[in-house]
Number of protein chains: 2
Amino acid sequence: MLLPHLDWKSSKPISLQIQEQIREHLERRSLRVGERLPSTRHLAEALGIHRSTVALAYQELWAQGWIDQRPGSAPRVRARLAQMKSVTVSKKRSFDWEALASPAAKEALGAHRELARNAHREGFINFASLHMDPRLFPVEEFRACLTKAMKKGGESLLTYGDRQGFRPLREFLARRMALHGVETSAEEILITNGSQQGLDLLLRMVAQPGRSIAVESPTYSLFLPLIRLKGLKPLEIPYGEDGMDLSILEEVLKRHRPSLVYTMPNFQNPTGRSASQANREGLLDLCAHHGVPILEDGFEEEMKYFGRVIPPIKAMDRRGLVAYCGSFSKVLFAGVRVGWIVAPVPCIEQLLALRHFSEIMPTMIPHAALHEFCERGLYDLHISRMHRTYRKRMQVALRALKQHVQPEWAQWEEPKGGYLIWLNLKAPGRRKPDWERLFEEQGLQVSPGNLYSPSRNHPSWVRLSISLLDESQIEEGVHRLAAALKQLHEKGAR
Amino acid sequence: MLLPHLDWKSSKPISLQIQEQIREHLERRSLRVGERLPSTRHLAEALGIHRSTVALAYQELWAQGWIDQRPGSAPRVRARLAQMKSVTVSKKRSFDWEALASPAAKEALGAHRELARNAHREGFINFASLHMDPRLFPVEEFRACLTKAMKKGGESLLTYGDRQGFRPLREFLARRMALHGVETSAEEILITNGSQQGLDLLLRMVAQPGRSIAVESPTYSLFLPLIRLKGLKPLEIPYGEDGMDLSILEEVLKRHRPSLVYTMPNFQNPTGRSASQANREGLLDLCAHHGVPILEDGFEEEMKYFGRVIPPIKAMDRRGLVAYCGSFSKVLFAGVRVGWIVAPVPCIEQLLALRHFSEIMPTMIPHAALHEFCERGLYDLHISRMHRTYRKRMQVALRALKQHVQPEWAQWEEPKGGYLIWLNLKAPGRRKPDWERLFEEQGLQVSPGNLYSPSRNHPSWVRLSISLLDESQIEEGVHRLAAALKQLHEKGAR
């Protein structure tokens, strides 16, 4: 064996340098099983270092199973490398994991694969994704906050932290909710891994065979497989221009008594619609009367940029009937995976217990960084910027649609905020075209309406999202959309 | 209203300064509902700034629902503040969330509260907690890696990342597993929020009424409530000095055909025992023969510091029968919440789908920081340090026990690594003492044996963990332990 080369300038300890270089030899098999390594004394003399340094390196190699050490005799390369090589899973005789999965898990895998079709494709204009535009991320500012937060928090951020989420961030969120008319406190807030985990925890809390959840139709596409995964039954309530259809909701509450009513009053996904103040009040009264709690999804609460702000339903909640889910993902960035639930303490405690057993707790590091970011006023600043940017982008989208898409090809409403336009497509003849393929041929990705309801009853609708696109991309996208529809209708006319 | 005071040196934009100061007035109610704010023109002139800057501030206050704006007229304070005040949840009429929770969720809450008793108490020596000693955390090194990782990754770490986990870290883990004799690749690795999420995902995958899971008795206390939460039945297999009782396991495999066999071959929690090579081979053969997969928990794989390393069961797995869960939590620190699963691709895909609907994906930030940390050799360095430190701490603990605790008071085995000693306590008379209270009176926290098996059949055992304690604390703890037992037995003798 060649002598290890020692770099005395390196910050890396000598013993580690020795350990790593010997391991390289072992990995490259240039040291064979059973082969002798120099004794600690010999290697120490050859390198002109203390024996204990070599001994430490050998100790580690031995603890990692590379070498055998017997007192008095030189260490030898162990046989386990040989064994490693022999272990290769033979496909034929390999265990069938797919067969092991429960029917519910298999169904979730199917839904997962269907949604994967939304993945971005090269050269396409992507109206399908609801991800935020990374070009708008305040990366430098956030990194500074991350570093600062680690300086402040130190080891407290590296050990098990606050199960409910970094307290200063919860306090900030309580103040933030007050801006939206919601009076709450850090005790009533649970920080989650994105609002998705909030939805999951609330469903886990009520999950029981025979129970059901009332959902808007159409509704958030990732919520439906989650309901089924928990063995719950979705009950569809049509979502009109004004909000949820309250007369149908009342029927459903009376007849089925669902465990929760799930609603997105602002810039609803996928329709982009917002429920009126009257509709929100009516919904709350109905649920209060029937004693059915509300799961309010405020995923884009901050993204109001046309018209008057309407406070969330939670702002009118006098009975602690509403569990509110919020998120940083659709305003700032999703990669920190931070959302929150605002709910009465007994609900929060229950959710905490459920999360304790499924992941113990989240990491405090992104919480602390976000808190620093918010306290510096950078969050407000970013929201202002997003409002300016997307107000314009949405105006561009709506103008382009008006200009290039004929009313007899498609219809849509003008959203008051958010990123979504819900497009009702018209076919020239009786036959329903394959809309997705039609747009694909024009290099356009859209999200098919059938993803958004359990009964898949929106075949001639598509969801357009402008979250990922700048103004010129939006223009180009609408051009391609119009071209596809024009072609279809001219063919149809012939 | 007083004029906003503008700080021209601040990095904070003028429009944001105006916005924040007006908001303060609104929060302090020094501006009343309906009250007029100065027009953009007036305020701009008064402050000597451009109108658009004021307009921007007003725009934001309006978007946040603070003020009304009508073209041509000055903005007014909105009525929603008044509404906010009136909303306070009246306890009497408030919704009963506890009643809403499913029986399984309620049971989990109970288990959660029981485990909360392990929480650290002031002035106590804490042998109960298995948290790592924060005094050993390489905080500075990790912070440097975090900053560096953000520099390298930029916005790619802030948007939705790799659902399976940061790829370079997965590649590092694949190489790491090779050191333990496991041949794998990044494709077969899923990074999880601590190994706890790995356990949760695997149980979610198989969860179905009537199914069961074979567990060691005693076993990991956080795994048992998780099994019940999923509606699964735990089947207890006694864990002897050599490992799982294979004859009983064979019976159980034949009769009940569990969906998984859960095992911790190294420094088992709570016994600290390690299964022999022969026992591991026997376990694998049995499961292969009956076609039942193994969930191997390698939570302390790296923490071997006495005697010969035995490779994990996964290292012998030729049929892809083993799903292996690893973790950084018990070697480095738990606060990053990073663990991993090594399993065949079809299993990983299924788990990915399940996680997609419950939280979409984890944040890449800690993954990238850990990767930087590992690539710099700091992980190896830390492990060496931990080996040195805990080898000594464990020696101190075992020596102190031998010195101060009489064989007729208690018995224990000497673990080959890890942090745990499983103490079998002897009562002087027939009556079983309340061991927890006995030690509490001496200012000592221990973890009661009954937490570790579904049948709660270890009433006279306690788990001692040295993970949180330095040598002098361990000495003191053993003194207190011995004092408590001495007292008991002297009383008993009289």
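Because the structure is predicted, anything quoted here is derived from the model rather than measured.

How would you sum up the overall build of chain A? Please name residues and give values.
Across its full length, chain A holds 17 helices and 16 strands. By the compact-globule yardstick of 23 Å for 494 residues, chain A is too spread out, its C-alpha radius of gyration being 29 Å. If one aligns the C-alpha atoms of chain A with their principal axes, the spans along those axes are about 90 × 60 × 45 Å. Counting all 494 residues of chain A, 63% fall into the buried class. Carbon and sulfur atoms make up 51% of the accessible area of chain A, which amounts to about 18,700 Å² in all. For chain A, the distance from the average position of its 69 positive side-chain charges to the average position of its 55 negative side-chain charges is 6 Å.

Hey, could you go over the sheet that holds strand β7 (residues 243–244) of chain A for me, with residue numbers and the actual values?
All names here are of chain A. The eight strands lie next to each other as β4-β11-β10-β9-β8-β5-β6-β7, forming an open sheet whose pairing is mixed. Strands with a single pairing partner mark the edges of an open sheet, and in this sheet they are β4 (189–192) and β7. For strand β6 (residues 233–240) and β7, the ladder comprises two bridges, and the chain directions are antiparallel. Paired with Tyr-239 across the two strands is Met-244, which belongs to β7.

Break down the relation of the copies chain B and chain A for me, citing the residues and quoting the values.
Least-squares fitting of chain B to chain A yields an RMSD of 0.1 Å, with the transformation described by 0.0 Å of translation along the axis and a rotation of 180°. With respect to symmetry, the two chain copies, as superposed, fit the operation of a two-fold axis. Looking at the rotation axis and the C-alpha trace of chain B, the residue lying nearest is Thr-147 of chain B, at 3.1 Å. Looking at chain B, 100% of its interface residues are interface residues in chain A too, so the copies touch through the same face.

I'd like to hear about the interface of chain B and chain A, residue by residue, with values.
Contacts between the two partners involve 136 residues from chain B, matched on the other side by 136 residues from chain A. Buried area between chain B and chain A, summed over both chains or domains, comes out near 11,500 Å², and the portion from carbon and sulfur atoms is 61%. Residue Arg-23 of chain B pairs with Asp-380 of chain A through a salt bridge whose shortest N-O separation is 3.4 Å. Counting across the interface, chain B meets chain A through 35 residue pairs in polar contact (both at pLDDT 80 or more). Across the side of chain B that touches chain A, the residue classes tally to 67 nonpolar, 34 polar and 35 charged.

Which residues make up the environment of Glu-241 of chain B, and what values do they have?
All names here are of chain B. When you line up the elements, Glu-241 lands in the loop between β6 (233–240) and β7 (243–244). By relative accessible area, which is 63% here, Glu-241 ends up exposed. Those residues in contact with Glu-241, other than ones at most four positions away along the chain, are Arg-273, Ser-274 and Glu-413.

Before we move on, could you go through the domain arrangement of chain A and cite the residues and values that matter?
Its domain assignment divides chain A into domain 1 (14–86), domain 2 (120–134 + 383–493) and domain 3 (137–380). If you average the C-alpha positions of domain 1 of chain A and of domain 3 of chain A, the two centres end up 55 Å apart.

Lay out the pairing of β4 of chain A with the relevant residues and their values.
Residue and element names in this part refer to chain A. A two-sided burial pattern is seen for β4, the buried positions comprising Ile-189 and Ile-191 on one face and Leu-190 and Thr-192 on the other. As paired elements, β4 and strand β11 (residues 339–342) share four bridges and run antiparallel to each other. Within the sheet, the bridge partner assigned to Thr-192 lies in β11 and is Gly-339.

Lay out the pairing of strand β10 (residues 322–327) of chain A with the relevant residues and their values.
A regular strand carries its side chains on alternate faces of the sheet. All names here are of chain A. Across the six residues of β10, six count as buried, placing the element largely inside the fold. Residues Val-322, Tyr-324 and Gly-326 line one face of β10 and the alternating positions Ala-323, Cys-325 and Ser-327 line the opposite face, and both faces are buried. Examined bridge by bridge, strand β9 (residues 294–297) and β10 share four bridges and lie parallel to one another. Residue pairing across strands places Ile-294 opposite Val-322, the latter belonging to β10. Note: β10 against β11, four bridges, orientation antiparallel. Bridge pairing links Cys-325 to Ile-341 in β11.

Quick rundown of helix α11 (residues 246–256) of chain A? Include the residues and the values.
Each full turn of the α-helix corresponds to 3.6 residues, which orients residues three or four apart in the same direction. All names here are of chain A. Leu-249, Val-252 and Leu-253 are the residues of α11 that are buried. Down the axis, α11 shows its buried residues gathered within 100° of arc, on one side only. Away from its buried face by more than 90 degrees, α11 exposes Lys-254 and Arg-255.

An account of the pattern of salt bridges is requested, with residue identities and associated values reported.
Applying the stated criterion across every chain, the model contains 56 salt bridges over all chains. Arg-393 of chain A serves as the salt-bridge partner of Asp-133 of chain A, at 3.1 Å between the closest nitrogen and oxygen. With Asp-133 of chain A in the loop between β3 (125–126) and α7 (139–153) and Arg-393 of chain A in helix α15 (residues 378–404), this residue pair connects regions lying 260 residues apart in the sequence. Between Asp-317 of chain A and Lys-314 of chain A there is a salt bridge, with its nearest N and O atoms 3.2 Å apart. Neither residue differs from the other here; Asp-317 of chain A and Lys-314 of chain A are each classed as buried. In the salt-bridge network here, residues are joined through shared partners; they are Arg-23 of chain A together with Arg-176, Glu-302 and Asp-380 of chain B.

Can you break down the packing of aromatic side chains residue by residue, with the values?
Taken as a whole and assessed by the stated rule, the structure comprises 26 aromatic pairs over all chains. Taking 5.3 Å as the distance between ring centres and 15° as the angle between the ring planes, the aromatic pair formed by Trp-422 of chain A and Trp-461 of chain A counts as stacked. Note that Trp-422 of chain A is positioned in strand β13 (residues 420–425) and Trp-461 of chain A in strand β16 (residues 461–465), a separation of 39 residues in sequence. Between the aromatic rings of Phe-328 of chain B and Tyr-379 of chain B, the centroid separation amounts to 5.1 Å while the plane-to-plane angle is 65°, which identifies the pairing as edge-to-face. Placement of Phe-328 of chain B in the loop between β10 (322–327) and β11 (339–342) and of Tyr-379 of chain B in helix α15 (residues 378–404) is noted, with a sequence separation of 51 residues between them.

Could you give an account of the sheet that holds strand β15 (residues 447–448) of chain B, naming the residues involved and the relevant values?
Residues and elements named next belong to chain B. Strand order in this open sheet of four strands is β12-β13-β16-β15, and the pairing throughout is antiparallel. The open sheet has two edge strands, β12 (410–411) and β15, and neither has a second partner. Of the strand pairs in this sheet, β15 and strand β16 (residues 461–465) are connected by two bridges, and their pairing is antiparallel. In the sheet register, Pro-448 faces β16, and the bridge partner there is Val-462.

A description of unusual backbone geometry should follow, citing residues and the corresponding values.
Residues and elements named next belong to chain B. Here Ser-217 and Pro-218 are connected by a cis peptide whose omega angle stands at 5°. When you line up the elements, Pro-218 lands in the loop between β5 (212–217) and α10 (223–229). In this chain, Asn-269 is followed by Pro-270 through a cis amide linkage whose omega measures 15°. Its location among the elements puts Pro-270 in the loop between β8 (260–263) and α12 (277–290).

Please give an account of the environment of Arg-463 of chain B that cites residues and values.
Residue and element names in this part refer to chain B. When you line up the elements, Arg-463 lands in strand β16. Placed 302 residues apart in sequence, Arg-463 and Gly-161 show a C-alpha to C-alpha distance of 40 Å. In terms of polar contacts, Arg-463 uses its side chain to reach the side chain of Tyr-452, at 3.3 Å.

Explain the packing of helix α13 (residues 345–359) of chain A against helix α9 (residues 194–206) of chain B to me, and be specific about the residues and the numbers.
Axis separation between α13 of chain A and α9 of chain B bottoms out at 6 Å; the angle between their running directions is 95°. Considered as vectors, α13 of chain A and α9 of chain B are oriented roughly perpendicular to each other. Taken together, the residues of α9 of chain B that come into contact with α13 of chain A (itself represented by His-356, Phe-357, Ser-358 and Glu-359 of chain A) are Gln-196, Gln-197 and Asp-200 of chain B. A class-by-class count of the residues in the contact of α13 of chain A with α9 of chain B yields one nonpolar, four polar and two charged.

Explain the confidence of the model for chain A to me, using residue names and the numbers behind them.
Looking at chain A as a whole, the pLDDT averages 91, with 96% of positions reaching at least 70. Across the interfaces of the predicted complex, the ipTM metric reaches 0.85, alongside a pTM of 0.85.

Quick rundown of the packing of helix α11 (residues 246–256) of chain B against α12 of chain B? Include the residues and the values.
Residues and elements named next belong to chain B. At a minimum axis distance of 11 Å, the contact between α11 and α12 shows a crossing angle of 10°. Between α11 and α12, the interaxial angle falls into the category roughly parallel. Both α11 and α12 take part in a crossing whose hand is right-handed. Together, Leu-246, Leu-249, Glu-250, Leu-253 and Lys-254 of α11 and Asn-279, Gly-282, Leu-283, Leu-286, Cys-287 and His-290 of α12 make up the contact between the two elements. Grouping the constituent residues of the contact of α11 with α12 by class yields six nonpolar, three polar and two charged.

About the thresholds
- Residues numbered from 1 in each chain as written.
- Chains lettered and ligands numbered in written order.
- Predicted model: local features only at pLDDT ≥ 70, side-chain atom pairs only at ≥ 80, totals over all residues.
- Heavy atoms only, no water.
- Helix = DSSP H or I, 4+ residues; strand = E, 2+ residues; numbered from the N terminus.
- Rg over C-alpha atoms; globule rule 2.2 N^0.38 Å.
- Buried < 20%, exposed > 50% of the residue type's maximum accessible area, 1.4 Å probe, protein only.
- Areas by Shrake-Rupley, 256 points an atom, 1.4 Å probe, with all protein chains shown as cover.
- Lys, Arg positive; Asp, Glu negative; His and termini not counted.
- Charge placed at Lys NZ, Arg CZ, Asp CG, Glu CD.
- Pairing = 2+ DSSP bridges.
- Least-squares fit on C-alpha atoms with pLDDT ≥ 70 in both.
- Contact = heavy atoms within 4.5 Å.
- Buried area = accessible area lost by both parts, 1.4 Å probe.
- Salt bridge = Lys/Arg side-chain N within 4 Å of Asp/Glu carboxyl O.
- Polar contact = N/O pair within 3.5 Å; in protein donor to acceptor, adjacent residues only side chain to side chain.
- Nonpolar A, V, L, I, M, F, W, Y, C, P; charged D, E, K, R; others polar.
- Domains from an automatic or database assignment.
- Arc of directions from axis to C-beta.
- Phe/Tyr/Trp six-rings, centres within 6.5 Å; stacked < 30°, edge-to-face > 60°.
- Axes fitted to C-alpha atoms, helices over the stretch in contact; angles between N-to-C directions.
- Parallel < 35°, antiparallel > 145°, perpendicular 65-115°, else oblique.
- pLDDT = per-residue confidence, 0-100.
- Left-handed = near helix turned anticlockwise from the far one by under 90°.

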